[in-house]
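A structural walkthrough
Here's the letter readout for the chains.
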Amino acid sequence: MRQKMVAGNWKMNGTTNSARELISGIKAGLDGPSAEVVVCPPFVYIPTVATEIAGSAIKLAAQNMCDKDVGAFTGEISGPMLKDSGCEYVILAHSERRAMFGETDEVAARKYAAALNNNLKPIFCIGETLGEREQDITEDVIARQIDAIINAEGVASLANAVIAYEPVWAIGTGKTATPDQAQNVHAFIRQRVANLDAGIAESLRILYGGSMNPGNAADLIAQPDIDGGLIGGASLKADDFLAIINAAG
Ligand code: PEP
């Protein structure tokens, strides 16, 4: 039985005060959630959030990391630093990183390896653009993206990772994949992993991300292969985030 997960990707939003307020609002409304709850603040707010969540069920993730552990890499943040700061998870290969910061499958695979080497669990993002969906190559794109990490690190590495299926056309657009559309891709991902290792596939959590909100979360998460959500915009409001957590629980 896979535990559901709801992860909030705050992206480049907030201040020290708003981060504190958001965590305090989430903590106040958390009612022994059965889903695993993760927040992913910007790097600079990680220490503040780590302090605020201490003693609660909320877990901490970063939104990105460097593929190197230490050295002359100005402006980068390493896996050992994230671990040292209390992160358990790290979002990798988000489509915004792929599209705006040139992260190729190869870079994503290197970061995936570095995260695992540092005992950080990757929340590894994959997803097709609108153009790719319209060309009917969604499955080719998804297969290429997941194969990049399986080929580099082996299927067994997925035992310590979470996959987030995030159709690029649904991120921040208010257009959500229908439960059927999302389920079809999630089932494809699980089957691709199952072709290599049925046990790993069965325990692998696959989150949906892309304009998930309190109104659509329950129907999406009710699908057999959708194990929770990676939430952007709706994770910035405690009430909305809590409603999604409750929908998952
Ligand atoms: C995301 O960026 O991971 C995301 C799912 O964003 P949103 O919920 O705002 O579409």
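Before any of the text, the structure's been laid out above.
Thresholds applied
- Residue numbers here run from 1 along each chain, matching the order of that chain's written sequence.
- For a predicted model such as this one, the threshold for reporting local features is a pLDDT of at least 70, and the threshold for listing and counting side-chain atom pairs is 80 or more; totals across whole chains, interfaces and linings nevertheless cover every residue.
- Side-chain numbers here rest on the full set of heavy atoms in the structure, without hydrogens or water.
- Aromatic contacts are taken between Phe, Tyr and Trp rings whose centres are within 6.5 Å, Trp giving its six-membered ring; a plane angle under 30 degrees counts as stacked, one over 60 as edge-to-face, and the others as tilted.
- Strands are runs of DSSP state E lasting at least 2 residues, helices are runs of H or I lasting at least 4, and numbering of each runs from the N terminus.
- The cut-offs for exposure are 20% and 50% of the maximum accessible area for each residue type, with area from a 1.4 Å probe on protein chains only; residues under the lower value are buried, those over the upper are exposed, and the others partly exposed.
- Remark: a charge is flagged as sitting over a ring if the NZ atom of Lys or the CZ atom of Arg is within 6 Å of the ring centre and within 35 degrees of the ring normal.
- Strand pairing requires that DSSP identify at least two bridges connecting the strands.
- Angles run from 0 to 180 degrees between N-to-C directions of axes, and those axes are lines fitted to C-alpha atoms, restricted for helices to the stretch in contact.
- Whether two residues are in contact is decided by their heavy atoms, any of which lying within 4.5 Å being enough.
- Just so you know how the angles are binned, under 35 degrees is roughly parallel, over 145 roughly antiparallel, 65 to 115 roughly perpendicular, and the rest oblique.
- For any pair of crossing helices, the crossing counts as left-handed if the nearer helix is rotated counterclockwise from the farther one by less than a right angle, and right-handed if it is rotated clockwise.

Some words on the packing of aromatic side chains
- Scanning all chains against the criterion turns up two aromatic pairs.
- With 5.7 Å between their ring centres and 75° between their planes, Tyr-112 and Phe-124 make a pair best called edge-to-face. Of this pair, Tyr-112 sits in helix 5 (residues 105-117) while Phe-124 sits in strand 5 (residues 121-126); the two residues are 12 residues apart in sequence, bridging distant segments of the chain.
- Here Tyr-112 falls in the buried class, since its relative accessible area comes to 0%.
- The exposure class of Phe-124 is buried, given its relative accessible area of 1%.
- Seen from the ring of Phe-101, Arg-97 lies directly overhead, with NZ or CZ sitting 4.2 Å from the centre.

Regarding the sheet that holds strand 5
- With respect to topology, eight strands assemble into a closed barrel ordered 1-2-3-4-5-6-7-8, the strand pairing being parallel. Direction aside, the axes of adjacent strands within the sheet are offset by 25° on average.
- Bridge count for strand 6 (residues 162-165) against strand 7 (residues 205-209) is four bridges, and the pairing is parallel. Pairing of Ile-163 across the sheet is with Ile-206, part of strand 7.
- Along the sheet, helix 2 (residues 46-53) makes contact with strand 2 (36-40) and strand 3 (59-62), crossing strand 3 at roughly 170°.

Topic: unusual backbone geometry
- If you check the backbone angles, Asp-136 has positive phi at about 65° while not being a glycine.
- By the element assignment, Asp-136 lies in the loop between helix 6 (130-134) and helix 7 (138-153).
- Residue class for Asp-136 comes out exposed when judged on its relative accessible area of 70%.
- Phi is positive for Ser-211, which is not a glycine, with a value near 55°.

Observations regarding the side chain of Ser-95
- For Ser-95, the location among the structural elements is in helix 4 (residues 95-100).
- Those residues in contact with Ser-95, other than ones at most four positions away along the chain, are Val-168 and Ile-171.

As for the packing of helix 5 against helix 7
- One way to put it is that helix 5 packs onto helix 7 with a least axis distance of 9 Å and a crossing angle of 45°. Relative to helix 7, helix 5 is oriented oblique. The way helix 5 lies across helix 7 gives a crossing that is right-handed. Contact with helix 5, carried on its side by Asp-105, Ala-109, Tyr-112 and Ala-113, involves Arg-144, Gln-145, Ala-148, Ile-149, Ala-152 and Glu-153 of helix 7 and no other residues of that element.

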